[in-house]
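The lines below spell out each chain.
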Amino acid sequence: MSCLRYKRIACKIPSPRLFSTFKLQVFEKPVDGFLGAIGNTPLLKIKSLSEETSCNILAKAEFMNPGGSVKDRAALYVVLDAEEKGLLKPGGTVVEGTAGNTGIGLAHVCRARGYRCVIFMPNTQSQEKIDLLKMLGAEVHPVPAVAFENPQNYNHQAKRFAENLENAVWTNQFDNTANRRAHIETTGPEIWAQTQGHLDAFTCATGTGGSFAGTSRFLKSKSSSIKCYLADPPGSVLTSYFATGGQLTERSGSSITEGIGQGRVTDNLKGDVELVEEAFTLPDEKSIEMVYKLLHYDGIYVGASSALNAAAAVEVARRVGPGKTIVTLLCDGAYRYQSRLFSRNWLESKGLVDAIPAHLQKYIVLP
Ligand SMILES: Cc1ncc(COP(=O)(O)O)c(C=O)c1O
């Protein structure tokens, strides 16, 4: 093994410059623990997609947040908001209904702030997710997976649990606009600064809608010519909602993506529907293909919602034409989904093997 790297460290090179064509980012000062490390993620130029589209395709590396996803931002903001409003006092309890990244972000934030964290989730979720939340110190309640209209739905159970407890708050990520505020105050300004205001379009999918709405709201406030496109997975109603001028259809179909897709217009999205230039649906075939393309051509290992966002940026490039700058989000890494996304059996069960180009199928390494 070359000892070049160690020699360089040993002689304490004062500048972050490693090679003539490459510069490492250096954080100049210590940050305030876990919370201080949230946000300020790099904006990656995706070389393969930029070449393919003749546009500048940029993506926020949200998987580099300390809890591993874009939802660390929302988790921080809903907790700080509850503190600011006096709803949460030292030693209190944070309760949320979530099957994924928000729970993970909240579990970290709660440990860092000294709160108890209680998570309600549908009992259809993988044991890995339950174990991870428990390892992060959260108390997990898997409950029957029933529709939102049913009072036993995990979100309603989370709400009731908090209501019946002293010094407890239900953070309500879907309709608590502190979630959207996180992106107005952090993600949007970061993108604006990192592009020095030179961007033409922003696109991403929505779960709660916080990332899309907050980021779009900030960017539009800086330049009304920036076009914001909402990307939807199959099974979500938002594409038809925008196409029909505001009619909500019955939710049907499903997607391999996790954390995105919606059956209603949440409070986080409600105030910003007029910012949507257009909404479009991307099939799972495009998302899975992009998981493998980003890995092979760019060394970027992300989950299916991030891949959908990258595919959406390509779609937007077609709409806005060459030479434009399009920004999207890479929400989390593939680590949380690898037993599915890289499993031949699972891909076959979804009929998705053929969506992966033949020369990239070598990455399907799990049975
Ligand atoms: C992996 C992943 N991608 C995207 C999103 C959507 O983000 P938002 O809730 O801000 O719309 C989520 C939300 O949980 C997520 O977990």
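Not measured: the values here are computed from a predicted model.

> Tell me about the overall build of the protein chain, residues and numbers included.
On a plain count of helices and strands, the protein chain comes out with 15 helices and 12 strands. Relative to a compact globule of 367 residues, whose C-alpha radius of gyration would be 21 Å, the protein chain shows 21 Å and is just as compact. The dimensions of the protein chain, computed from C-alpha atoms along their principal axes, are 60 × 55 × 50 Å. Relative to its full complement of 367 residues, the protein chain shows a buried share of 45%. Taking contacts inside the protein chain between residues at least 6 apart in sequence as the whole, the part at least 24 apart equals 69%.

> How would you summarise the nonpolar core if you had to cite specific residues and measurements?
Residues I57, V291, A307, L308, A310 and A313 are the most contacted members of the largest nonpolar core, which totals 59 residues. With 10 residues, helix α13 (residues 304–320) is the largest single contributor of residues to this core. Excluding residues that lie within four positions of it along the chain, A313 makes contacts with L49, I57, T203, I326 and T328. Counting 32 residues, the second largest nonpolar core, distinct from the first, contains Y77, V94, I104 and V118.

> Outline the environment of T102, listing residues and values.
Of note, T102 is situated in helix α5 (residues 101–113). Considering only alpha carbons, one finds T102 and G188, 86 residues apart in sequence, at a separation of 19 Å. Not counting residues within four places of it along the chain, the set of residues in contact with T102 comprises K71, A74, A75, E96 and Q173.

> Tell me about the site of the ligand, and please be specific about residues and values.
In the vicinity of the ligand, 20 residues are found, and the nearest of them are G207, T208, S211, G259 and C331. Looking at the shell around the ligand, the elements that each hand over two or more residues are α5 and α9 (210–222). Per element, the largest residue contribution to the shell around the ligand is 3 residues, and it comes from α9.

> Could you give an account of the pairing of strand β7 (residues 139–143), naming the residues involved and the relevant values?
Note that strand β6 (residues 116–122) and β7 share 5 bridges and pair parallel. Residue pairing in the sheet places M121 in a bridge with P142 of β7.

> Please give an account of helix α4 (residues 71–84) that cites residues and values.
With 14 residues, α4 ought to run about 20 Å at 1.5 Å a step, and its terminal C-alpha atoms sit 20 Å apart, in line with that. A large share of α4 lies buried, amounting to 10 of its 14 residues. Among all positions of α4, only K71, D72, R73, A74, A75, L76, Y77, V78, V79 and A82 are buried. In this structure, the buried residues of α4 make contact with α2 (33–36), β5 (93–97), α5, β8 (168–170), α8 (178–194) and α9.

> If you had to explain the packing of α4 against α5 to someone new, which residues and values would you point to?
Two numbers describe how α4 lies on α5: the axes approach to 8 Å, and their chain directions differ by 50 degrees. When the axis of α4 is compared with that of α5, the two are oblique. For the pair α4 and α5, the crossing hand works out as right-handed. Taken together, the residues of α5 that come into contact with α4 (itself represented by K71, D72, A74, A75, L76 and V79) are N101, T102, G105, L106, V109 and R113.

> Pulling in residues and values, what's your account of the sheet that holds β6?
The parallel open sheet is built from 4 strands, whose spatial order is β7-β6-β5-β8. For this open sheet the edge positions go to β7 and β8, each flanked by a neighbour on one side alone. Between one strand and the next, the sheet's axes are offset by a mean angle of 15 degrees, whatever the strand orientation.

> Tell me about the sheet that holds strand β11 (residues 276–281), and name the residues and values.
With mixed pairing, the 6 strands of this open sheet are ordered in space as β3-β4-β12-β9-β10-β11. Edge positions in the sheet fall to β3 (43–45) and β11, since each of these pairs with one other strand and no more. Sheet twist, expressed as the average angle between the axes of neighbouring strands with direction ignored, equals 25 degrees. Where strand β9 (residues 201–205) and strand β12 (residues 325–330) come together, 2 bridges link them in parallel fashion. By the bridge assignment for β12, A201 is matched with I326.

> Could you give an account of the environment of D232, with specific residues and numbers?
Along the chain, the position of D232 falls in strand β10 (residues 227–232). Overall, the presence of 25 C-beta atoms within 10 Å leaves D232 in the buried class. Separated by 25 residues in the primary sequence, D232 and G207 have C-alpha atoms spaced 9.4 Å apart.

Reading guide: rules and limits
Each chain carries its own residue numbering, running from 1 in the written order of its sequence. Confidence filtering applies because this is a predicted model: local features only for residues at pLDDT of at least 70, side-chain atom pairs given and counted only at 80 or more, and all residues used for totals across whole chains, interfaces and linings. The way it works is that DSSP assigns letters per residue, a run of H or I at least four long becomes a helix, a run of E at least two long becomes a strand, and they are numbered from the N terminus. For the radius of gyration, the atoms used are the C-alpha atoms, and the globule rule reads 2.2 Å times the number of residues raised to 0.38. Buried, partly exposed and exposed are defined by the number of other C-beta atoms within 10 Å of a residue's own C-beta, namely 20 or more, between the two limits, and 12 or fewer respectively, with C-beta atoms placed from the backbone. By definition, residues are in contact whenever their C-beta atoms, placed on the basis of the backbone, come within 7 Å of each other. In this usage, the nonpolar core is the set of buried Ala, Val, Leu, Ile, Met, Phe, Trp, Tyr and Cys residues whose C-beta atoms join them within 7 Å. Each residue gets a C-beta atom placed from its backbone. If that atom is within 6 Å of a molecule or strand, the residue is near it. Strands were regarded as paired on the criterion that DSSP finds at least two bridges between them. Each helix should span, by expectation, one fewer than its residue count multiplied by 1.5 Å. Lines fitted to the C-alpha atoms define the axes, with helices restricted to the stretch that makes contact. Angles between their N-to-C directions range from 0 to 180 degrees. Orientation labels follow simple angle bins: below 35 degrees gives roughly parallel, above 145 gives roughly antiparallel, 65 to 115 gives roughly perpendicular, and whatever is left gives oblique. If you view the pair so one helix is near and one far, a crossing is left-handed when the near helix is turned anticlockwise from the far one by less than a right angle, and right-handed when it is turned clockwise.

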